[in-house]
Amino acid sequence: MVNLFGLSLAIVSVCLILIYVQNELSYDRFNKNIDQIYRVYNSFVREGKSQDWVQTAAPLAAFIKDKVPEIENTVRVAKIPKGLVGYGENHFFENNMVLADASIFDVFTFPLLIGNSRSVLENPNSVVISKKIAEKYFGKENPLGKTISYNRSINLTVSGIMKDIPGNTHLPCEMIVSMATAKAFFGEYFLTNQMNTTVFTYLLIHKGTELPRLKKAFGDIVADYHGADFDDTFHVQSLSSIHLNSNKGGEYQPNGDIRTVYIFSAIAVLILLIACINYINLSLSLNKKRYAELGVRKVMGAGAAQLIKLFLSNAFFFATISVLASIVIIWFLLPWFSHLSGVMFKFNKLSVQFYLGLFLVFLLIVLTTGLSSGWMAARLKPVATLKKSGKCKKRNIEIHGIMVLFQFSISIVLIVATLLVNQQMNLLKSKNLGFSKEQLFVIPVNDQNIRSKIQSFKHDLLTNPNILSASATSDLPGKMLWVTSINYEGESEQSPQTMTYLEVDKDFISTYGVNLKDGYLPGDTACP
C-alpha cells in the first residue's frame, strides 16, 4: 500500500510538471510557417549599457521589405489598450485587441472561418473577431457587417471571423483591427513617425534563407534608415525562441523562461528517481520476508531470468495501478493547477505528447524498479536464504544504505531549494518599492467618457470620508508601457536618450507616498 501511494504521488507530480513544460515548449508551434517567421528588434547603448527594445517604428516594415530580398512578407502589429467594447446591450472590457496589416493572415496561421484574408482588413475601421468573441457579443446572430464600438468613440465594422487562437502564443489576440484605423487610436503621425517605436514588426522569410545571411543584411541597413549618426542596430529573433528566450523591453506580454523549464524538468526527474528508489528500498524490506520463498524457487531450479520476470510483473502491476490512480487524481487537480499556473488546462484537451510522456514514465518505473529488485533477488545464494530467512546479507545492507542515503540527499536538496524559493518570494512581497502600497486601491479606468472627466471622477471619490487621497496615472509604477526620446542640455540632438515615463497628476506624490529625493512637488509655486 505504501508503494502504491508513493508511486501514485510521484506520478501525479511528474505529470503536472510535464503538462506545464510541454505547454511552455509548444508556444507558437501551431503556426505552419514557424521556421520562417522572425521578429525585428533594435539594440541601443545608453549610459554604457546595451538595451534591447522589441517594438519598432511603423515605417520600418516597408523599408526593410524593400531593402532585404530574403524577406517574402512583413506584418506590423500594435497592441490596442484595454477598452470597453459594445454591441447592443452587451458591453465588456477587452484586452486582446490589436492593429495589424492584412498580411497577418499570410504570416501567421490564423484561419478565417468567414471572410477573405486579402480583403477583411483592407478598409479603415474593419475588424476581424474570433469565434469566441462573435458568440459573446452576437450569440446566434450573423456578425458580418455589424458595428461594434470601442470606448464609445470608435466604431468598427465586423468584416470577418477567425478561429479562436490557441492560448499557447506570445501574441494573444481576439480582435484584429485594420492598420488603416491607426489614426483613430493613436493619432495622425502613428504610421509615419520614424522614431515612434510602438509596433511589433514580423518577417516571413523565403524558404531556404540562411540566418547569418539575414542578420548580415540587417546590419547593413541601419545607416540607411536612421542615418550615420545613430548607434542603434536592428536584429531578428525567430518566432520559436520568443516565449522562452526573450526578456527584452516592450514585450507584448511577460514571457516564460527556458531556465524555468530546465529547473522544473530537473525536479520531475528527481521526484521520479526518489519514487523509484523508495520502491526498491521497500521491495528489499519485503524481500526479507520472502527469503524462504526465494530460496525454494532457486532450489527448484529458478534462474536469474525467472526471478527478474517475477519482480518485473510485480512492478508492472503496481505501476499500472499507480498510473490509473494518478490519472483520476490529475483529473481532479487540473482546475486547481490551471489556477496556480495561470494557464487554462483541460483534461480532454491534453496533447498526445502528454500521454506519450506518461507512458515513458510508466515504462521507466517498471524497468527501473523491476530490474533492480529482480537483480538483487537473483544475487542471493539459495542455501543462505533458507538458513538465514529474514536476514539481509552484508552486501544487500550496503546497497540498501547507499540508496537510502541517496534518496534522503535528494529530498534534502529539494526541501532546501523550496525554502530558498519561499524566502525569495517573501523578499519580493516585503521589498520596499519606493512607494506605499498599503491601503492603496487601484481602479482601472478604461472608459473614455470617465477618462475625459477624470477630475470630476476624482472629486466624487474624495467625497467619501474613507478616501484620504486620489490620483490619476497613465500606468502603475513598474508597469510603464510608454517610451519617449529626450534631449537635454549638453547632449547631441542626433543621439537622444530613451526612457520610459509615467504621466501623473499633482496628487501622485502624496497618494503613493513617494519620498521625493530632490526637486519640487507638483504644483509647488517655488518651482522656477
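Just so it is clear, the model here is predicted, and its values are computed rather than measured. (Residues numbered from 1 in each chain as written. Predicted model: local features only at pLDDT ≥ 70, side-chain atom pairs only at ≥ 80, totals over all residues. Heavy atoms only, no water.)

(A) Seen up close, the pattern of salt bridges. For the structure shown, the criterion picks out 11 salt bridges. With its nearest N and O atoms 3.1 Å apart, the salt bridge here joins arginine 39 to glutamate 251. Of this pair, arginine 39 sits in strand β1 (residues 37–46) while glutamate 251 sits in the loop between α8 (239–245) and α9 (258–289); the two residues are 212 residues apart in sequence, bridging distant segments of the chain. The same class applies to arginine 39 and to glutamate 251, which are both buried. Salt-bridge contacts for lysine 248 lead to aspartate 52; the nearest nitrogen and oxygen are separated by 3.6 Å. With lysine 248 in the loop between α8 and α9 and aspartate 52 in strand β2 (residues 49–53), this residue pair connects regions lying 196 residues apart in the sequence. Residue aspartate 52 is classed as partly exposed on the basis of its relative accessible area, which comes to 27%. Taken together, the shared-partner salt bridges in this structure form one network comprising Lys458, Asp505, Lys506 and Asp507. (Salt bridge = Lys/Arg side-chain N within 4 Å of Asp/Glu carboxyl O. Helix = DSSP H or I, 4+ residues; strand = E, 2+ residues; numbered from the N terminus. Buried < 20%, exposed > 50% of the residue type's maximum accessible area, 1.4 Å probe, protein only.)

(B) Local environment of the environment of isoleucine 34. For isoleucine 34, the position within the fold is in the loop between α1 (2–25) and β1. When sequence neighbours within four positions are dropped, the list of residues in contact with isoleucine 34 reads Asp28, Arg29, Leu239 and Ser240. (Contact = heavy atoms within 4.5 Å.)

(C) Examining the pairing of strand β6 (residues 90–94) more closely. Sheet topology note: the strand β5 (residues 83–87)/β6 ladder contains five bridges and is antiparallel. Bridged to glycine 83 within β6 is glutamate 94. (Pairing = 2+ DSSP bridges.)

(D) Highlighting the nonpolar core. Counting residues in hydrophobic clusters, the biggest one holds 38 residues, and the most contacted among them are Ile11, Leu16, Ile19, Ile330, Leu334 and Ile365. In terms of residue count, the dominant contributor to this core is α1 (11 residues). In this structure isoleucine 19 touches Ile330, Leu334, Phe345, Leu350 and Phe354, once residues within four positions along its chain are discounted. Core analysis: the second largest hydrophobic core is formed by 27 residues, Tyr41, Val75, Val120 and Leu239 among them. (Core = buried A, V, L, I, M, F, W, Y, C linked by side-chain atoms within 4.5 Å.)

(E) Just the packing of aromatic side chains, in detail. Going through the model one piece at a time under the given rule, you end up with 16 aromatic pairs. With centroids separated by 5.5 Å and ring planes inclined at 10°, the aromatic side chains of phenylalanine 108 and phenylalanine 110 adopt a geometry described as stacked. Overall, the relative accessible area of 3% leaves phenylalanine 108 in the buried class. Pairing phenylalanine 185 with phenylalanine 186 gives two aromatic rings, centres 6.4 Å apart and planes at 40°, and the pair type is tilted. Relative accessible area serves as the criterion here: at 25%, phenylalanine 186 is assigned to the partly exposed category. Of the aromatic side chains, those joined through ring pairs into one cluster are Tyr150, Phe185, Phe186 and Phe190. Across the ring face of phenylalanine 92, the terminal group of lysine 136 is positioned such that the distance to the ring centre comes to 4.6 Å. Across the ring face of tyrosine 41, the terminal group of lysine 248 is positioned such that the distance to the ring centre comes to 4.4 Å. (Phe/Tyr/Trp six-rings, centres within 6.5 Å; stacked < 30°, edge-to-face > 60°. Lys NZ or Arg CZ within 6 Å of the ring centre and 35° of its normal.)

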